[in-house]
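Structural description and commentary
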Amino acid sequence: MKPTMLFAIMAMISIVLMSAFNLTLLPAEGIRLSAANAASALYVCPADGGAWTAFAKNIHPFAKPVSIIFIFCIILLIFSWSWALYQNLLKDKFNRDSYKQPWAYTKMLFWAGVIVTMLFWTPNHFRSVRVTGLQGDWVLCQSNTPGAKAVRASAVHR
């Protein structure tokens, strides 16, 4: 692989990870709590409603049918591999060509699964919480994230 291509891939991976986990190069000053309150507090930030999050929420009702279709495709994939193996065992010799279609189907199903997973699970999917007494969408964050609020840990629910 060429060095420029490798650099581009590494740069894109870094950008995605930094934006998904809200990492910054220069840390900001965090919220300071008294020692008595620090142990029972969590920090929450308003969830940015970006286009990706809105799209994921709109397609979320279709998660069950998509899961059913995906499992159906996995079963078809198992039968495809089994049929290729059966054909090779029946002829008592290894024929590489009989595995081309199952392998292509495997790659297609894998990448379809990756894309669908990324569409359904936004970076905020696993950080989203509900806060008792506060309206809106909230995510867990660090004390130095802009817009962070300190709330009682008992008021934060998944």
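As a reminder, the structure under discussion sits directly above these lines.
An account of the accompanying structure is given in this report. (Residues numbered from 1 in each chain as written. Predicted model: local features only at pLDDT ≥ 70, side-chain atom pairs only at ≥ 80, totals over all residues. Heavy atoms only, no water.)

**Focus: the pattern of salt bridges**
For the structure shown, the criterion picks out 2 salt bridges. The partner of aspartate 137 in a salt bridge is lysine 57, with the nearest N and O atoms 2.6 Å apart. In this pair, aspartate 137 sits in the loop between β2 (128-131) and β3 (138-140) while lysine 57 sits in helix α3 (residues 51-59), placing the two residues 80 residues apart along the sequence. The salt bridge involving aspartate 97 is made with lysine 100; its shortest N-O contact spans 3.5 Å. Each member of the pair aspartate 97 and lysine 100 is classed as exposed. (Salt bridge = Lys/Arg side-chain N within 4 Å of Asp/Glu carboxyl O. Helix = DSSP H or I, 4+ residues; strand = E, 2+ residues; numbered from the N terminus. Buried < 20%, exposed > 50% of the residue type's maximum accessible area, 1.4 Å probe, protein only.)

**As for the nonpolar core**
Counting residues in hydrophobic clusters, the biggest one holds 6 residues: Val44, Val129, Val131, Trp138, Val151 and Val156. Every residue in contact with valine 156, bar those within four places of it in the chain, is listed here: Leu42, Val44, Val129, Arg130, Val131, Leu140 and Val151. Within the second largest apolar cluster, 5 residues are counted, among which are Tyr43, Cys45, Val139 and Cys141. (Core = buried A, V, L, I, M, F, W, Y, C linked by side-chain atoms within 4.5 Å. Contact = heavy atoms within 4.5 Å.)

**Quick look at the packing of α3 against helix α5 (residues 100-120)**
At a minimum axis separation of 8 Å, α3 and α5 run at an interaxial angle of 105°. With respect to α5, the axis of α3 lies roughly perpendicular. Counting all contacts with α3, which are made through Trp52, Phe55, Ala56 and Ile59, the residues of α5 involved are Met118, Leu119 and Phe120. Along the lines of polarity and charge, the residues of the contact of α3 with α5 split into 7 nonpolar, no polar and no charged. (Axes fitted to C-alpha atoms, helices over the stretch in contact; angles between N-to-C directions. Parallel < 35°, antiparallel > 145°, perpendicular 65-115°, else oblique. Nonpolar A, V, L, I, M, F, W, Y, C, P; charged D, E, K, R; others polar.)

**A short note on the sheet that holds β3**
Ordered in space as β4-β1-β3-β2-β5, the 5 strands form an open sheet in which the pairing is antiparallel. Unpaired on one side and paired on the other, β4 (149-152) and β5 (156-157) mark the two borders of the sheet. Taken together, the 4 bridges between strand β1 (residues 41-46) and β4 define a ladder with antiparallel strand orientation. Along β4, the bridge assignment pairs tyrosine 43 with alanine 150. (Pairing = 2+ DSSP bridges.)

**Things to note about the packing of aromatic side chains**
Tallied over the full model, the rule gives 5 aromatic pairs. Each ring, one from phenylalanine 94 and one from tyrosine 99, has its centre 5.8 Å from the other, and the planes form 20°; the classification is stacked. Ring plane angle 75° and centroid distance 4.9 Å describe the contact between phenylalanine 110 and tryptophan 111, whose orientation is recorded as edge-to-face. Taking relative accessible area as the criterion, tryptophan 111 reaches 52% and is therefore assigned exposed. (Phe/Tyr/Trp six-rings, centres within 6.5 Å; stacked < 30°, edge-to-face > 60°.)

**What about the pairing of β1?**
Pairing between β1 and β3: 3 bridges, direction antiparallel. The residue bridging proline 46 from the neighbouring strand is tryptophan 138, located in β3.

**What about the environment of glycine 136?**
With respect to the secondary-structure elements, glycine 136 resides in the loop between β2 and β3. With 90 residues separating them along the chain, glycine 136 and proline 46 place their C-alpha atoms 7.4 Å apart.

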